[in-house]
Amino acid sequence: GPEVLCLGETMSLVSPASPVPLEEAPVFTLSAGGAESNVAIHLAALGHRVGWASRVGDDPLGRRIVATIAGAGVDTDLVEVRSDAPTGVYFKDPTPDGTRVHYYRAGSAASTMDEDFLPDDLLDGPELLHISGITPALSASCDRLIRHLLSRDRDVRITFDVNYRPALWPVEQAGPTLRELAQLADTVFVGLDEATALWGVETPEDVRKLLNRPSVVVVKDGANAAYALGAETVVVPAPKVEVVEPVGAGDAFAAGFISGVLRGADVTRCLRLGHVLAAHSLLSTEDHTASPDRADLERWLDCDETGWN
Ligand code: KDG
């Protein structure tokens, strides 16, 4: 079986072929977009045995998503094809003020997942389970699923990416819910701007005070640095890159960090791996196609932090 399992919704992603607003773009590409499956695809590219668990509709878009993700080397045995609900869709809108997303996902097949979605023995097979704060926003049953995963007695280590999506729920609801869920995870990923929006905190140390239970809280301060706050605090500055498109960079970061954890790397190297994967993703308009090859990885990882800027 897989060493990592990533669980969450993946939608069909329609994006303008060139960065032109949705209202005017003449040509589009259709791909698969989902935070947790993006992480899975990166992990597969890095040589890990990884599975993705979710539900898709029994429709061409659902079959296309499963084929795409399986084609990237991810195990899709735990994906259920459902005839009672459709596959979700979302659009990327590259506006002059940044990329917006438009969701068509209410009532999707993935939103029907509930606490019985996967039996406990399947959940404890892998070493690590990766989930995110998108799932509890999808439906009441998805919220129960995430609570079940995080609160049961378990052997598996859980990484939780806060992934606050303002289009899915109001901050009054997301703030307390995401804090409560993050507190139950072993490793948490959160952007500093995201933490400010959700909880009004301004520094990585203040995030750690709010999330004091996980063994590690990884706070990403955008183009500046990433912090791993555990028994001690480790900071690694971010490499400078020309950002083409930011969507998917957080998933890439999580995958790099998780890859380091699975290989037993120290925290500094885990953060560097996160930065390298995120930097590659920032250079691409695809959510997940830009995994660096091994030579790139080695080149980036071998320079010392001052050499990154
Ligand atoms: O992290 C990128 C995701 O935002 C994107 O792939 C879509 O999963 C998605 C979501 O719910 O926003």
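Scroll up for the structure.
For the structure given in this document, a descriptive report is provided here. None of the values given here were measured: they were computed from a predicted structure. (Residues numbered from 1 in each chain as written. Predicted model: local features only at pLDDT ≥ 70, side-chain atom pairs only at ≥ 80, totals over all residues. Heavy atoms only, no water.)

## Considerations on the pattern of salt bridges
Step number 1: In the structure shown here, the tally under the stated rule is 13 salt bridges.
Step number 2: In this structure, the salt-bridge partner of R55 is E80, at a minimum N-O distance of 2.8 Å. Taken together, the residues R55 in strand β4 (residues 50-57) and E80 in strand β5 (residues 79-82) connect sequence positions 25 residues apart.
Step number 3: Note that R100 is salt-bridged to D97, the shortest N-O span being 3.8 Å.
Step number 4: Connected through shared salt-bridge partners, R55, E80, R82 and D84 make up one network. (Salt bridge = Lys/Arg side-chain N within 4 Å of Asp/Glu carboxyl O. Helix = DSSP H or I, 4+ residues; strand = E, 2+ residues; numbered from the N terminus.)

## Details of the side chain of D161
Step number 1: Considering the arrangement of structural elements, one finds D161 in strand β9 (residues 157-161).
Step number 2: Of the side chains bearing the opposite charge, K220 lies closest to the buried D161, which forms no salt bridge; the N-O distance is 4.2 Å. (Buried < 20%, exposed > 50% of the residue type's maximum accessible area, 1.4 Å probe, protein only. Lys, Arg positive; Asp, Glu negative; His and termini not counted.)

## Comments concerning helix α6 (residues 192-199)
Because each turn of an α-helix spans 3.6 residues, side chains separated by three or four positions end up pointing in the same direction.
Step number 1: Taken as a whole, α6 has its buried residues at L192, E194, A195, L198 and W199. An end-on view of α6 places all buried positions within 155° of arc, on one side of the element.
Step number 2: G200 sits one or two residues past α6 and shows a positive phi near 70°. (Arc of directions from axis to C-beta.)

## A look at the packing of helix α5 (residues 171-182) against α6
Step number 1: One can describe the packing of α5 onto α6 by two numbers: an axis separation of 8 Å at closest approach and a directional angle of 115°. When the interaxial angle is binned, α5 and α6 end up roughly perpendicular. Within the contact between the two elements, α5 uses V171, A174, G175, L178 and R179 and α6 uses A197, L198 and W199.
Step number 2: Here the residues of the contact of α5 with α6 sort into six nonpolar, one polar and one charged. (Axes fitted to C-alpha atoms, helices over the stretch in contact; angles between N-to-C directions. Parallel < 35°, antiparallel > 145°, perpendicular 65-115°, else oblique. Contact = heavy atoms within 4.5 Å. Nonpolar A, V, L, I, M, F, W, Y, C, P; charged D, E, K, R; others polar.)

## Topic: the packing of helix α4 (residues 140-151) against α5
Step number 1: Packing of α4 against α5 brings their axes to within 10 Å, and their N-to-C directions diverge by 30°. In this view, α4 runs roughly parallel relative to α5, as classed from their interaxial angle. Here α4 contributes D143, I146, R147 and L150 to the contact with α5, which in turn contributes T177, E180 and L181.
Step number 2: Considered class by class, the residues forming the contact of α4 with α5 number three nonpolar, one polar and three charged.

## Considerations on helix α2 (residues 60-71)
Step number 1: In this model, α2 (12 residues) spans 16 Å end to end at C-alpha, consistent with the 16 Å of a helix rising 1.5 Å per residue.
Step number 2: Of the positions making up α2, those classed as buried are G62, I65, V66 and I69. Projected onto a plane normal to the axis of α2, the buried residues spread over an arc of 95° and lie on a single side. Residues of α2 that are exposed and angled more than 90 degrees away from the buried face: P60, A67 and G71.
Step number 3: In the core, the buried residues of α2 are packed alongside β2 (11-16), β3 (28-33), α1 (35-45), β4 and β5.
Step number 4: Immediately beyond the C-terminal end of α2, within one or two residues, lies G73, with a positive phi of roughly 95°. (Expected span 1.5 Å × (residues − 1).)

## Regarding the sheet that holds strand β7 (residues 98-104)
Within a beta sheet, neighbouring strands are joined by backbone hydrogen bonds and run either parallel or antiparallel to one another.
Step number 1: Pairing in this open sheet of four strands is mixed, and the strands run β3-β2-β6-β7 from one edge to the other. Each of the sheet's edge strands pairs with one partner strand only, and the pair in question is β3 and β7. Across this sheet, the average inter-strand angle for adjacent strands is 25°, counted without regard to direction.
Step number 2: In terms of strand pairing, β2 meets strand β6 (residues 89-95) through three bridges, oriented parallel. Bridge pairing links S12 to V89 in β6.
Step number 3: Against the sheet, α2 touches β2, β3 and β6, its axis set at about 70° to β3. (Pairing = 2+ DSSP bridges.)

## Some words on the pairing of β7
Step number 1: Two strands pair when backbone bridges link them, and β6 and β7 are joined in this way by seven bridges, in the antiparallel orientation. Bridging across to β7, T95 finds its partner in G98.
Step number 2: A loop of two residues connects β6 with β7, the two strands running antiparallel in sequence.

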